[in-house]
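One letter stands for each residue in the lines below.
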Amino acid sequence: MKPHIRYGENGFRLYPPCTLRGEAATAFLRFSEDYFRALAKRYGEAARFRRRRDYLEADLSQAPRTLRAARRLGLER
């Protein structure tokens, strides 16, 4: 039950675990957005998020410390 994350040059796309469907997947993405937004705020950086139906897209081009912290989470499959 591990989420999948695809890193780009300046951000990432986060997909919920494949075992979560519907409301649970949406709640997971909402929680993840709040978590990464709070992390960026802690570092004093500006981060942009776009939540779609089945993934969360983060543009962290203005938030390099937040991107490094996200990569340290080790969410890759």
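Look up: the structure comes first, before these words.
Everything in this summary refers to the structure shown in the same document. (Residues numbered from 1 in each chain as written. Predicted model: local features only at pLDDT ≥ 70, side-chain atom pairs only at ≥ 80, totals over all residues. Heavy atoms only, no water.)

Some points on the sheet that holds strand β2 (residues 11-15)
Here comes step 1: The strand order β1-β2-β4-β3 describes an open sheet built from four strands, whose pairing is antiparallel. Where the open sheet ends on each side, the last strands, each with one partner, are β1 (4-7) and β3 (48-51). Taking each pair of neighbouring strands and ignoring which way they run, the sheet shows an average axis angle of 15°.
Here comes step 2: Looking at chain direction, β3 and strand β4 (residues 56-59) are connected through four bridges and run antiparallel. Note on β4: the bridge partner recorded for F49 is A58. (Pairing = 2+ DSSP bridges. Helix = DSSP H or I, 4+ residues; strand = E, 2+ residues; numbered from the N terminus. Axes fitted to C-alpha atoms, helices over the stretch in contact; angles between N-to-C directions.)

What about a nonpolar patch on the surface?
Here comes step 1: Together, F31, Y35 and L73 make up an exposed nonpolar region whose accessible area comes to about 320 Å².
Here comes step 2: Mapped onto the elements of the fold, F31 is located in helix α1 (residues 22-43). (Patch = residues over 30% accessible without salt bridge, like charges linked within 9 Å, V, L, I, M, F, W, Y side chains within 5 Å. Areas by Shrake-Rupley, 256 points an atom, 1.4 Å probe, with all protein chains shown as cover. Salt bridge = Lys/Arg side-chain N within 4 Å of Asp/Glu carboxyl O.)

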